[in-house]
Number of protein chains: 2
Amino acid sequence: MLEEKNPQRTAISTLGEVGLIKHLTDALPTIQPSTVLGVGDDAAVLEVGTGQMVVSTDTLAEGVHFNLGYVPLKHLGYKAVVVNLSDIASMNAVPSQILVSIAVSNRFPVEALEEIYQGIRLACQHYGVDLVGGDTTSSTSGLILTITAIGAVEKGKFIARKGAKEGDLLVVTGDLGGAYMGLQILEREHAVYLANPQMQPEMEGYEYILQRQLKPEARTDVRTALEQLEIVPTSMVDISDGLASEVLHLSDQSQVGIRVYEDKIPLDPQTLSTAEEFNLNPTVCALSGGEDYELLFTISPSDYQKIKNHPDFTVIGHVVEKQQGSHLVLSGSGELSPLTAQGWDAFLNRE
Amino acid sequence: MLEEKNPQRTAISTLGEVGLIKHLTDALPTIQPSTVLGVGDDAAVLEVGTGQMVVSTDTLAEGVHFNLGYVPLKHLGYKAVVVNLSDIASMNAVPSQILVSIAVSNRFPVEALEEIYQGIRLACQHYGVDLVGGDTTSSTSGLILTITAIGAVEKGKFIARKGAKEGDLLVVTGDLGGAYMGLQILEREHAVYLANPQMQPEMEGYEYILQRQLKPEARTDVRTALEQLEIVPTSMVDISDGLASEVLHLSDQSQVGIRVYEDKIPLDPQTLSTAEEFNLNPTVCALSGGEDYELLFTISPSDYQKIKNHPDFTVIGHVVEKQQGSHLVLSGSGELSPLTAQGWDAFLNRE
């Protein structure tokens, strides 16, 4: 038992995060009659009594998902909750409870944990969810937050990634790319600070994109808005890893192709001007930046009239047959550029 | 935002794991009508439709809860599931689903994760639970496994830590201290191996206690056994941190005192002989060793006849009024020794 084998070694980065989970959980059949939807969506759907619930878990790791050099602990706690509530919202469910696991090294004092929990409490209050379970343990290094979120949904009313049909319209909430541009500002100012701790960080004029990065919100309001418009999306996902990656989730699981029109992607003026400042293509920021936590969904074309003038919803594309694949339709030329899952990947980014 | 404050620093170890969670989650009121039982028990109880469910989360961290020098990855995966199912069983619920979060550094190849998942799958098959969610992310160092377990329970049939009454009998399943003695053997043989890699580890004659440490089982069978005996425990907890710590959980939450009789604590002959070999007091191993994952519960004295001859249940004490406190009644002398929460503590052990 104590002997070391000399096993085959495949680097995790060769599979990437999505590929890895697929690889590890493939061929794992579910047997419980209460399991309605298992691995592979934003959340699992379970049947309990006459109701259904959705449950999802997500981890934020220091040095991978956040840098404590410029992310305040309170914001980190808030964001860790939001990231998980976003998964619940993307299933069309109402978040109700969370459980929090924190693994933390002894270099963190109790006060650091209190700050994290202040952020967690604030998020619980803001979204009206209960913290019902906690586990705090030490780790050999670093800080790792794992949150499990639970939500309720009327039986059969959950919306999965699967369900988009040819002809459906692709709709996104809010605007994209802001969280990524906020990260660029934080990283730049942190580098300046490290070089010269006397320098004051320049944050003015970047308030919106900094908020998108440091204090994102989960779109738990979209469920009600859609209900009022009498729209039932055919598929839905939240944008955690960038638009491109999420479009591919919808097309993969729905067995369709999707076209996204570059000139329709909603971008905030601050995102645009900051992208220009950094000499970055704002479309790439929206496609690959991630962490916007907006919702992306498909609707029947017959619902177009109901949604077309809504200030918070933007129709950015449509669903085509699977054989056509998923593409970005470039502004101006109208050329088709294949969408690839170049969304932010925790393993690739650490190479 | 980038400035470092110079905050008060309280070492986490001054509070301990239980104290820390209490401190962080204190005064966090629950507002959701579906939250039946929040932080402070083995699992939370939620109401969904006409049913109830229990949910619990637990983390195992490398270097704190396990040492990969002598814990095979497959066993680690299996044990991580068992630890969580044990929490569900201790609520008198039937485990149905799990979600798995793994944070892992790039030093682990894909094959290592496959081995962990092999153990996870095996546990899922053995206990008939579904893996319904997964998150795998990189960490800056080490391996951290967080599992959330979900179980179903008939409305109002869950059993909490609160509920023990004066006069009740204290009952434990199986035997105690074995997992701790198994750990002593693993640590000894690992030290021998490090000193001389040519030495073969001596594991013969320690099979039972090694299994208790490396491949523990969750007592999901107890619910049915008690049902058949027509016994409804008044309070219940699983033994993850040692008998002493769990007795104090029951007495704290039930607002009672508890007496445990030293000579009644069930110990396996292998635990006894190995304790002797290591010059350890076997009672201390049972009280403070932890990781036995047996169930500890209280029953009404009127149920004594039903349970007294059951080979798997041992009556080890009884409940007294709160003012009397909780004590171990020493063999021979009959002296009372106060029970303290010297159960295995992740933070204290790392000092």
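All figures in this text were calculated on a predicted structure; none of them were measured in a lab.

Peer 1: What is the right way to look at helix α3 (residues 110–127) of chain B in this model?
Peer 2: Working note: α-helix, 3.6 residues per turn, so residues spaced by three or four point in the same direction. The terminal C-alpha atoms of α3 of chain B, which comprises 18 residues, lie 26 Å apart, in line with the 26 Å expected from a rise of 1.5 Å per residue. Among the residues trailing α3 of chain B, Gly-128 of chain B stands out with phi positive, at a value near 65°.

Peer 1: Would you mind going over the sheet that holds strand β2 (residues 44–48) of chain A with me for this structure?
Peer 2: Neighbouring strands of a sheet are bound in pairs by backbone hydrogen bonds; such pairs are parallel or else antiparallel. Residue and element names in this part refer to chain A. Spatial strand order, β1-β2-β3-β6-β4-β5: six strands in an open sheet with mixed pairing. If you trace the sheet from one side to the other, it starts and ends with β1 (35–37) and β5 (130–138), each paired once. Looking at each pair of strands side by side, their axes are set apart by 25° on average, direction ignored. The pairing of strand β4 (residues 94–104) with β5 spans eight bridges and is parallel. The residue bridging Ile-98 from the neighbouring strand is Leu-131, located in β5. In the packing of helix α2 (residues 73–89) onto the sheet, the strands contacted are β3 (51–61), β4 and β6 (143–153), and the crossing angle to β6 comes to about 35°. Against the sheet, helix α3 (residues 110–127) makes contact with β4, β5 and β6, and its axis sits at roughly 170° relative to β4, the strand it touches most.

Peer 1: Looking at this model, I keep getting lost on the packing of aromatic side chains. Mind explaining?
Peer 2: Two numbers describe a pair of aromatic rings. These are the distance of the centres and the angle of the planes. Residue and element names in this part refer to chain A. Counting across every chain of the model gives two aromatic pairs over all chains. Ring centres 5.7 Å apart and planes at 85° place the aromatic pair Phe-297 and Phe-313 in the edge-to-face group. Pair noted here: Phe-297 is in strand β10 (residues 295–299) and Phe-313 is in strand β11 (residues 313–320), with a separation of 16 residues, a long-range link. A residue is classified by how much of its surface remains accessible, and Phe-313, at 5% relative accessible area, is buried.

Peer 1: Looking at this model, I keep getting lost on the interface of chain B and chain A. Mind explaining?
Peer 2: Often, the extent of an interface is quoted as the loss of accessible area on bringing the components together. Each partner contributes to the interface: chain B provides 98 residues, whereas chain A provides 97 residues. Here chain B and chain A share an interface that buries about 7,900 Å² over both sides, 61% of which is from carbon and sulfur atoms. Linking chain B to chain A there are zero salt bridges. Seen at the junction of chain B and chain A, the total is 21 residue pairs in polar contact (both at pLDDT 80 or more). Looking at the side of chain B that touches chain A, the elements with two or more residues in it are α1 (16–25), β2 (44–48), β3 (51–61), β4 (94–104), α3, β5 (130–138), β6 (143–153) and α4 (178–195) of chain B. Residue classes in the side of chain B that touches chain A are distributed as 44 nonpolar, 37 polar and 17 charged.

Peer 1: Honestly, the packing of helix α4 (residues 178–195) of chain A against helix α5 (residues 207–214) of chain A in this entry has me stumped. Any pointers?
Peer 2: Two quantities define a packed helix pair, namely the angle between the axes and the distance from one axis to the other. Residues and elements named next belong to chain A. It is the contact of α4 with α5, at a shortest axis distance of 7 Å, that shows an interaxial angle of 100°. In terms of orientation, α4 and α5 fall into the roughly perpendicular class. Contacts between α4 and α5 pair Gly-178, Ala-179, Tyr-180, Met-181, Gly-182, Leu-183, Ile-185 and Leu-186 from the former with Ile-209, Leu-210, Arg-212, Gln-213 and Leu-214 from the latter.

Peer 1: Please clarify how the domain arrangement of chain A should be interpreted in this entry.
Peer 2: Residues and elements named next belong to chain A. If you check the domain split of chain A, you get domain 1 (35–153) and domain 2 (169–350). For domain 1 and domain 2, the distance between their C-alpha centroids amounts to 22 Å. At the interface, 27 residues of domain 1 touch 23 residues of domain 2. Summed over both sides, the interface between domain 1 and domain 2 buries roughly 2,200 Å², with carbon and sulfur atoms accounting for 60% of that surface. Where domain 1 meets domain 2, there are eight residue pairs in polar contact (both at pLDDT 80 or more). Those elements that place two or more of their residues in the side of domain 1 that touches domain 2 are α2, β4 and α3. By residue number, the principal contributor to the side of domain 1 that touches domain 2 is α2, which donates nine residues. Among the residues forming the side of domain 1 that touches domain 2, the class breakdown is 13 nonpolar, 10 polar and four charged.

Peer 1: Explain the sheet that holds strand β7 (residues 169–173) of chain A here, please?
Peer 2: Residue and element names in this part refer to chain A. Taken in spatial order, the seven strands of this open sheet run β8-β10-β7-β11-β9-β12-β13, and their pairing is mixed. Taken across any chain shown, the strands that pair with only one partner, and hence form the sheet edges, are β8 (235–238) and β13 (336–338). Averaged over all adjacent pairs, the angle separating strand axes in this sheet is 25°, with direction ignored. Across three bridges, strand β9 (residues 257–261) lies against strand β12 (residues 327–329) in parallel orientation. Note on β12: the bridge partner recorded for Val-260 is Leu-328. Against the sheet, helix α7 (residues 243–254) engages β7, β8, β9, β10 and β11, with an angle of about 150° to β8.

The rules we used
Residue positions are counted from 1 within each chain, in the order its sequence is given. Here chains are named by letter from A upward and ligands by number from 1 upward, in the order in which they appear as written. Reporting in this predicted model follows two pLDDT cut-offs: at least 70 for local features of residues, and 80 or more for side-chain atom pairs to be given and counted; totals over whole chains, interfaces and linings ignore these cut-offs and use all residues. Values reported for side chains reflect all heavy atoms of the structure, with hydrogen atoms and water molecules removed beforehand. Runs of E in the DSSP output that reach at least two residues are strands. Runs of H or I that reach at least four are helices, and both are numbered from the N terminus. Here a helix's expected span is defined as the number of its residues, less one, multiplied by 1.5 Å. Only strands joined by at least two bridges in the DSSP assignment are considered to pair. Simply put, an axis is a line fit to the C-alpha atoms, just over the touching stretch for a helix, and the angle between two N-to-C directions goes from 0 to 180 degrees. Any pair of residues with heavy atoms lying within 4.5 Å of one another is described as a contacting pair. Pairs were defined over the aromatic rings of Phe, Tyr and Trp, the Trp ring being its six-membered one, requiring ring centres within 6.5 Å. Orientation was assigned from the angle between planes: stacked under 30 degrees, edge-to-face over 60, tilted for the rest. Relative accessibility under 20% of the residue-type maximum defines a buried residue, over 50% an exposed one, and the middle range a partly exposed one, all with a 1.4 Å probe and only protein chains included. Each of two parts loses accessible area, computed with a 1.4 Å probe, when they are put together; buried area is these two losses added. The term salt bridge refers to a side-chain nitrogen of Lys or Arg lying within 4 Å of a carboxyl oxygen of Asp or Glu. Polar contact criterion, stated in full: a pair of N or O atoms within 3.5 Å, where within protein one must be able to donate a hydrogen and the other to accept it, and residues adjacent in sequence count only if both atoms are side-chain atoms. Basically, the charged four are Asp, Glu, Lys and Arg, the nonpolar ten are Ala, Val, Leu, Ile, Met, Phe, Trp, Tyr, Cys and Pro, and anything else, Gly included, counts as polar. Here is the rule for angles: anything less than 35 degrees is roughly parallel, anything more than 145 is roughly antiparallel, 65 through 115 is roughly perpendicular, and the remaining ranges are oblique. Where each domain begins and ends is defined by an automated method or by a domain database.

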